[in-house]
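As a plain string of letters, each chain reads:
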Amino acid sequence: MGRHHTLAGQIVVLRLGHRIPRDLRVTTHVCLTARAFGADGIIIADVVDTAFEKTILDVCKRFGGSFWIRMGEPWRQVVKEWKSQGGEIAHLTAYGVPLPQAIEVIKASPNPKLVVVGAEKVPGEMFEAATWNVAVTNQPISEVSALAMFLDRYLEGKQFSLEFENAEVKIIPSERGKKVVNLT
Ligand code: SAM
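These figures come from a predicted structure and were not determined experimentally.

**As for the packing of aromatic side chains**
- All told, the structure shown has 2 aromatic pairs when counted by the stated rule.
- Seen from the ring of Phe164, Arg35 lies directly overhead, with NZ or CZ sitting 4.6 Å from the centre.

In structure tokens form, the structure reads like this:
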């Protein structure tokens with residue numbers, strides 16, 4: 001598959017508090033970041049946003065890979081099921097334990113990881129349900145940058161060598177300009 005499964009185990013992102021249409025752009029960026037960094041999929045809690053789904057499915061079709069989306073499931077149910085199946089939860093929050101301090105324990109555990117990011121205010125219950133509450137600095141930042149930083153430290157840079165199977169197009173790195181090959 002050319003993905004990171006054997007290197008870091010299963011990673012799923014849970015997006016809480018997505019508001020239609022207000023969060024479309026940020027949730028899309030959370031999702032694209034999750035995909036590009038090798039997460040298996042994303043769950044958009046509580047709501048179904050078809051505009052979001054269309055954008056992501058289009059990117060997945062063109063750029064390949066097996067990234068999946070689930071939407072509309074109540075977040076408490078997702079969390080409960082994840083934990084009952086032996087998964088662990090890293091909730092990203094400015095109020096948590098600094099990433100450099102938290103990451104070694106998280107990396108040492110082989111269990112599937114649910115990485116939770118919020119949009120509007122995250123319910124206190126989520127802080128209790130999380131295995132770890134992790135802060136990417138104790139300053140308010142964007143969920144997109146928090147997720148990218150977390151995954152970078154978690155994967156130790158392995159996201160830079162991922163291959164996405166069944167792509168229609170592939171970007172060829174170049175010093176200038178845009179090189180894209182059509183694979184179909
Ligand atoms: N105002 C909301 C609150 O007080 O819960 C948070 C809004 S923030 C823009 C959206 C999400 O970004 C948060 O739920 C969290 O997942 C993430 N986030 C923001 N700052 C963070 C930080 N310093 N470390 C980790 N995650 C952070």
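**Focus: a nonpolar patch on the surface**
- On the surface, a nonpolar cluster with roughly 210 Å² of combined accessible area is contributed by Ile172, Val181 and Leu183.
- Among the structural elements, Val181 can be located in strand β8 (residues 179–182).

**Structural notes on helix α2 (residues 24–36)**
- Under the 1.5 Å per step criterion, the end-to-end length of α2 is 18 Å for 13 residues, consistent within 8% with the ideal 18 Å.
- Listed as buried for α2 are Thr27, Thr28, Val30, Cys31, Thr33, Ala34 and Arg35.
- Residues of α2 that are buried sit in contact with β1 (11–15), β2 (41–45), α3 (50–63), β5 (113–117) and α7 (143–155).
- Backbone geometry just downstream of α2 places Gly38 in the positive-phi region, at approximately 90°.

**A closer look at the state of the cysteines**
- What the rule picks out here adds up to 0 disulfides.
- Here Cys31 is not disulfide-linked; the sulfur of Cys60 is the nearest cysteine sulfur, at 6.7 Å.
- Of the residues examined, Cys31 reaches a relative accessible area of 0% and is grouped as buried.
- Among the residues examined, Cys60 registers a relative accessible area of 10% and is labelled buried.

Procedures and definitions
Residues numbered from 1 in each chain as written. Predicted model: local features only at pLDDT ≥ 70, side-chain atom pairs only at ≥ 80, totals over all residues. Heavy atoms only, no water. Phe/Tyr/Trp six-rings, centres within 6.5 Å; stacked < 30°, edge-to-face > 60°. Lys NZ or Arg CZ within 6 Å of the ring centre and 35° of its normal. Patch = residues over 30% accessible without salt bridge, like charges linked within 9 Å, V, L, I, M, F, W, Y side chains within 5 Å. Areas by Shrake-Rupley, 256 points an atom, 1.4 Å probe, with all protein chains shown as cover. Salt bridge = Lys/Arg side-chain N within 4 Å of Asp/Glu carboxyl O. Helix = DSSP H or I, 4+ residues; strand = E, 2+ residues; numbered from the N terminus. Expected span 1.5 Å × (residues − 1). Buried < 20%, exposed > 50% of the residue type's maximum accessible area, 1.4 Å probe, protein only. Contact = heavy atoms within 4.5 Å. Disulfide = S-S within 2.5 Å.

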